[in-house]
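This is what each chain is made of:
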Amino acid sequence: MEHKTYTYENSRKLFERALRVIPSGVYGHQGPAEGCFIPVDAFPFFSERAQGTYFWDVDGNRFIDYMCAYGPNILGYGDPDVDEAARKQREKEDCVTAPSAVMIDFAELLVETVKTADWAFFAKNGNDVTTLAVMTARAFTRRKKIIFFKGYYHGVSPWTQKIDYSGVLKEDVCNNLYADWNDFEGLEALFHSHKGEIAAVISQPYMHGNFADNRLPADGFWQKVRKLCTEQGALLIVDDVRAGFRLSLAGSDSYFGFEADLICFCKAIANGYNVSALCGKDFLKNTVSGISFTGSYWLSAVPFAAGIACLEKMKKLSLPDLLIAKGKRLTDGLTAAAQKHGYDLRASGVPSLFYLRIANDDNLLTHQRFISEMVRRGVYMTNHHNHFINYALSDADIDETVEIADEVLRLL
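In this report, the structure presented in the accompanying data block is examined. Quick caveat, the model's predicted, so the values are computed rather than measured.

## Considering the state of the cysteines
Then step 1. This structure, assessed with the given rule, holds zero disulfides.
Then step 2. The thiol of cysteine 68 is unpaired, and the distance to the nearest cysteine sulfur, on cysteine 310, comes to 12 Å.
Then step 3. Sulfur of cysteine 95: no disulfide; nearest cysteine sulfur belongs to cysteine 266 and is 17 Å away.

As structure tokens, then:
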């Protein structure tokens, strides 16, 4: 049985309205100007409701969602335990002049759960906490330079961007240094050529950038980086905003067998409620305390209550192991279906946060056609971004996804 292909008349009408009052209609990484939506006409622009692993667009089309709101959906949209905790807290208070003590409860739970964490500082976005981590490193070391691994993404503040990006000044990035991923000798050479100047190394736990296969750390790489940073008096910052809690509840640094000095969480921390956290070692607590860094809604209580419920449920389920197993079942099924039709579909990264690429495709068009036809039949993916697994995804959903992939690959 062939699956019907979706159309998006209502999405397009709404997008025309949005263009008149909102820059780009839908701005940022979830908008059609982003390179992950090619061809644009294959994708819906607006959703109407969501539940579990699905969302429905404004045309009534149902999608099995492998983007999970780009990560926040880890238990399933509308998880009853998380939503009930949020509802109970909302009945008491949320954004109030003096913060709720539930903030302490959430910090204590993170300190108990995350291996690197001796304290937690809360904000709203991943960008907030990566920025605070870099400010902390500079304040503690009294140095300026930060080392990045090429292919990185750490947010959208000017310090995270490139010199040729619109609105970015040379002064914003003049202290940024760049190393190749898994090249320890190159990293060591940077430290030697800028001796006494490097405040920190900041990195994702593994290379899960866009438009390229995800790459795991080489054997011993992180252990050598950890030792080098300690010897050179620089901090090691792990940006766990995207991968956090899909690899290990103790932190993705723990998953790879080392400890960061600072670790940044957002996305999956509260199943979609707006909160992020910077966690770190005790020796940095006074430094963080002395930094001027705050936001209008950063102490809101409802997301803290949601975060507690989310983290407690993830612990009870040993969730990362379940997500990795679901992801492996899916990616094994997809790659086998592709092989049957003569396509070399590569799945890279940790299976709970996988990346797909048709390798025997010199110009990306075959891969883009594959993804677009999956979306048109109800499997929501994007072309050149890694994908996310959530707890609500069932074996039947995985089987349906593989069945649709088999159909699409045959038609290609």
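## Considering the environment of methionine 103
Then step 1. Relative to the helices and strands, methionine 103 is located in helix H3 (residues 102-113).
Then step 2. The exposure class assigned to methionine 103 is partly exposed, which follows from its relative accessible area of 22%.
Then step 3. Ignoring any residue separated from it by four or fewer positions in sequence, one finds methionine 103 in contact with Phe122, Leu299 and Phe304.

## Considerations on a nonpolar patch on the surface
Then step 1. A cluster of nonpolar residues, Val21, Ile22 and Tyr27, forms a patch on the protein surface that exposes about 340 Å² of accessible area.
Then step 2. You can see tyrosine 27 is positioned in the loop between helix H1 (9-21) and strand E1 (47-51).

## So, the sheet that holds strand E8 (residues 235-239)
The pairing of strands in a sheet comes from backbone hydrogen bonds and takes either a parallel or an antiparallel form.
Then step 1. Spatially, the seven strands line up as an open sheet ordered E4-E10-E9-E8-E7-E5-E6, and their pairing is mixed. Edge strands, defined here as strands with exactly one partner in the open sheet, are strand E4 (119-123) and strand E6 (176-179). Strand-to-strand twist across the sheet, computed as the mean angle between neighbouring axes with direction ignored, equals 20°.
Then step 2. Where strand E5 (residues 145-149) and E6 come together, four bridges link them in parallel fashion.

## Let's talk about the pattern of salt bridges
Then step 1. Throughout the structure, instances matching the rule amount to 22 salt bridges.
Then step 2. Of the charged contacts in the structure, one is a salt bridge between lysine 285 and aspartate 282, with a shortest N-O distance of 3.9 Å.
Then step 3. Aspartate 282 gets classed as partly exposed once you look at its relative accessible area, which sits at 47%.
Then step 4. Of the charged contacts in the structure, one is a salt bridge between aspartate 395 and arginine 329, with a shortest N-O distance of 3.9 Å. With aspartate 395 in helix H13 (residues 395-411) and arginine 329 in helix H11 (residues 319-340), this pair connects stretches of sequence that are 66 residues apart.
Then step 5. Judged by relative accessible area, which is 37%, arginine 329 ranks as partly exposed.

The rules we used
- Residues numbered from 1 in each chain as written.
- Predicted model: local features only at pLDDT ≥ 70, side-chain atom pairs only at ≥ 80, totals over all residues.
- Heavy atoms only, no water.
- Disulfide = S-S within 2.5 Å.
- Helix = DSSP H or I, 4+ residues; strand = E, 2+ residues; numbered from the N terminus.
- Buried < 20%, exposed > 50% of the residue type's maximum accessible area, 1.4 Å probe, protein only.
- Contact = heavy atoms within 4.5 Å.
- Patch = residues over 30% accessible without salt bridge, like charges linked within 9 Å, V, L, I, M, F, W, Y side chains within 5 Å.
- Areas by Shrake-Rupley, 256 points an atom, 1.4 Å probe, with all protein chains shown as cover.
- Salt bridge = Lys/Arg side-chain N within 4 Å of Asp/Glu carboxyl O.
- Pairing = 2+ DSSP bridges.
- Axes fitted to C-alpha atoms, helices over the stretch in contact; angles between N-to-C directions.

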